[in-house]
Amino acid sequence: SGLFLSSLLSSYGINSHLLFDKRPKEELLKHPQAHFINLRSMEILKVEMPSVYDGIQREMPDVSEWEGFHFGGSVMGSSGRRLGRVVHP
């Protein structure tokens, strides 16, 4: 939500600062970085950019696909054995 908020502040003419990770791109791409949209970002989108918010809501997978964590032998989906699952209450 930091990058989004900085962009939003800039659109109102408010200066802000961003810090970026300077590791090589290949190193950063070894692990998924953004796998969900922060709740605060969604709140801001709902108020400031309702059409973007609505588009995200339409494209969002069913809650059964993201309501918990899966532990397995691979991050590549079905190619690894599922070791367990934790569902948020």
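Our structure is the block above this text.
Predicted, not measured: the structure shown is a model, and the values here were computed from it. (Residues numbered from 1 in each chain as written. Predicted model: local features only at pLDDT ≥ 70, side-chain atom pairs only at ≥ 80, totals over all residues. Heavy atoms only, no water.)

Engineer: Would you mind going over the side chain of serine 6 with me for this structure?
Structural biologist: Secondary-structure assignment places serine 6 in helix H1 (residues 2-11). A relative accessible area of 9% means that serine 6 is categorised as buried. Within the structure, the side chain of serine 6 is placed 2.7 Å from the side chain of serine 16, a separation counted as a polar contact. In this view, serine 6 contacts Ser16 and Leu18; residues no more than four positions away in its chain are not counted. (Helix = DSSP H or I, 4+ residues; strand = E, 2+ residues; numbered from the N terminus. Buried < 20%, exposed > 50% of the residue type's maximum accessible area, 1.4 Å probe, protein only. Polar contact = N/O pair within 3.5 Å; in protein donor to acceptor, adjacent residues only side chain to side chain. Contact = heavy atoms within 4.5 Å.)

Engineer: I'm lost on a nonpolar patch on the surface in this one. Help?
Structural biologist: Taken together, the side chains of Phe69, Phe71, Leu83 and Val86 make up a nonpolar region of the molecular surface, amounting to roughly 410 Å² of accessible area. Relative to the assigned elements, leucine 83 resides in strand E2 (residues 82-87). (Patch = residues over 30% accessible without salt bridge, like charges linked within 9 Å, V, L, I, M, F, W, Y side chains within 5 Å. Areas by Shrake-Rupley, 256 points an atom, 1.4 Å probe, with all protein chains shown as cover. Salt bridge = Lys/Arg side-chain N within 4 Å of Asp/Glu carboxyl O.)

Engineer: How should the packing of helix H3 (residues 39-48) against helix H4 (residues 50-59) be read in this particular structure?
Structural biologist: Helices that pack against each other are described as a pair by the angle of their axes relative to one another and the distance between those axes. In contact at an axis separation of 5 Å, H3 and H4 are set at 125° when each is read in the N-to-C sense. With respect to their mutual orientation, H3 and H4 come out oblique. For the pair formed by H3 and H4, the contact residues are Met42, Leu45, Lys46, Val47 and Glu48 on the first element and Pro50, Val52, Tyr53, Ile56 and Gln57 on the second. Here the residues of the contact of H3 with H4 sort into 7 nonpolar, 1 polar and 2 charged. (Axes fitted to C-alpha atoms, helices over the stretch in contact; angles between N-to-C directions. Parallel < 35°, antiparallel > 145°, perpendicular 65-115°, else oblique. Nonpolar A, V, L, I, M, F, W, Y, C, P; charged D, E, K, R; others polar.)

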